[in-house]
Amino acid sequence: MNNASSDSSTIPVLTIDGPSGSGKGTISRLVAQRLGWHYLDSGALYRAVGVAAGWADLDLADLAALVRCAFDTRIGFRDDPSGELRVLVNEQDATDELRTETAGAAASAIAAIPEVRAALKDRQRAFRQAPGLVADGRDMGTVIFPDAPFKVFLTASADERAERRYKQLKDKGVCVTLDGLLREILARDARDAQRAVAPLRPAEDAVRIDTTGLGIDTVVEQVLALLPAR
Ligand SMILES: Nc1ncnc2c1ncn2[C@@H]1O[C@H](COP(=O)(O)OP(=O)(O)OP(=O)(O)O)[C@@H](O)[C@H]1O
Ligand SMILES: Nc1ccn([C@H]2C[C@H](O)[C@@H](COP(=O)(O)O)O2)c(=O)n1
């Protein structure tokens, strides 16, 4: 999806920001399906650049090479028959590699580099296409779509987020410990929230939803209730 219309500012956007494991991706996808809107998984872009940099054996201290990588990496999305979102990096299906905690940590590290963020800005805004967009990430409501009419900030306790991730990875047969996941989640929260540029934080006009103890369907309904009745 590369052709943003010349005046996309009238196209509605629902931003869903929040920390890792708060359910942004799950809720955003379901809400986008219910609305018939497009969906942007902005974290996948950072993950894809991190993975592409790894494939190319780039030195993560080489800022110019990283920025070139952010501009040049081809990133595509497609739904597989089961409804899962597959991510193509330079035409290669990298979905499984992207979803690892290692890729998440690498994405979080490169996402702290202002020039990398700037390189991905237009690509993210190009997703704003009719009839509407649901965008999930860390800075959707604060930086990428500050004029979005609907903004949500999802949270959940760190313990619950670690448990969700534990269950998700166990179901996939990945061997992890709950303690290790909790430590990784807390480290990623700290890095994403404390960086100088576009830190993880709720937009002033975002509605905060604490999803601790709430099921997915309940959260989807709470988010949909923020939009005008269709
Ligand atoms: N409200 C909820 N109740 C229970 N489980 C949930 C809820 N929301 C999401 N989950 C589950 O938690 C896991 C993590 O959710 P998801 O990947 O959507 O989080 P995320 O915020 O997008 O994380 P990340 O930023 O790391 O990509 C998934 O297995 C998902 O099914
Ligand atoms: N808008 C965004 C989206 C993601 N990031 C960074 C920070 C995250 O830790 C990492 C992976 O994101 P996820 O796939 O877990 O949502 O990418 C960001 O800085 N801004």
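Rules used throughout
Residues numbered from 1 in each chain as written. Chains lettered and ligands numbered in written order. Predicted model: local features only at pLDDT ≥ 70, side-chain atom pairs only at ≥ 80, totals over all residues. Heavy atoms only, no water. Helix = DSSP H or I, 4+ residues; strand = E, 2+ residues; numbered from the N terminus. Buried < 20%, exposed > 50% of the residue type's maximum accessible area, 1.4 Å probe, protein only. Contact = heavy atoms within 4.5 Å. Lys, Arg positive; Asp, Glu negative; His and termini not counted. Charge placed at Lys NZ, Arg CZ, Asp CG, Glu CD. Salt bridge = Lys/Arg side-chain N within 4 Å of Asp/Glu carboxyl O. Axes fitted to C-alpha atoms, helices over the stretch in contact; angles between N-to-C directions. Parallel < 35°, antiparallel > 145°, perpendicular 65-115°, else oblique. Left-handed = near helix turned anticlockwise from the far one by under 90°. Nonpolar A, V, L, I, M, F, W, Y, C, P; charged D, E, K, R; others polar. UniProt positions renumbered as here; feature names shortened; annotations may be inferred.

Caption draft 1: Local environment of the overall build of the protein. Looking only at helices and strands, the protein has 10 helices and 8 strands in total. Counting only C-alpha atoms and orienting by the principal axes, one finds that the protein spans roughly 50 × 45 × 40 Å. Within the protein, the proportion of its 230 residues that are buried is 49%. Sequence separation of 24 or more characterises 74% of the internal contacts of the protein that already satisfy a separation of 6 or more. Here the protein contributes 29 positive and 33 negative side-chain charges, whose respective centroids are spaced 1 Å apart.

Caption draft 2: Region of the structure containing the pattern of salt bridges. By the definition in use, this model includes 17 salt bridges. Note that glutamate 221 is salt-bridged to arginine 34, the shortest N-O span being 3.1 Å. Taken together, the residues span a long stretch of sequence, with glutamate 221 in helix α10 (residues 216-224) and arginine 34 in helix α1 (residues 24-35) at a distance of 187 residues. Taking the relative accessible area as the measure of exposure, arginine 34 reaches 48% and is therefore partly exposed. Arginine 74 serves as the salt-bridge partner of glutamate 91, at 2.9 Å between the closest nitrogen and oxygen. With glutamate 91 in the loop between β4 (85-89) and β5 (92-93) and arginine 74 in the loop between α3 (63-72) and β3 (75-79), this pair connects stretches of sequence that are 17 residues apart. The class for glutamate 91 is exposed, based on a relative accessible area of 56%. Among the ionic contacts, a cluster of salt bridges with common partners joins Arg78, Glu84, Arg86, Asp93 and Asp96.

Caption draft 3: Focus on the packing of helix α8 (residues 158-171) against helix α9 (residues 178-194). Interaxial distance between α8 and α9 falls to 9 Å at its minimum, and their mutual angle equals 120°. What the angle tells us is that α8 and α9 run oblique. Here the hand of the crossing between α8 and α9 comes out right-handed. Only Leu178, Leu181, Leu182, Ile185, Leu186 and Asp189 of α9 make contact with α8, whose side of the interface consists of Ala158, Asp159, Arg161, Ala162, Glu163, Arg165, Tyr166 and Leu169. Broken down by class, the residue content of the contact of α8 with α9 amounts to 9 nonpolar, no polar and 5 charged.

Caption draft 4: Inspection of the UniProt feature "domain: Cytidylate kinase" (unreviewed entry) in the protein at higher detail. The sites that carry the UniProt feature "domain: Cytidylate kinase" (unreviewed entry) are, in the present numbering, residues 15-226. The straight-line gap between the two end C-alpha atoms of residues 15-226 is 12 Å; of that span, 50% is helix and 16% is strand.

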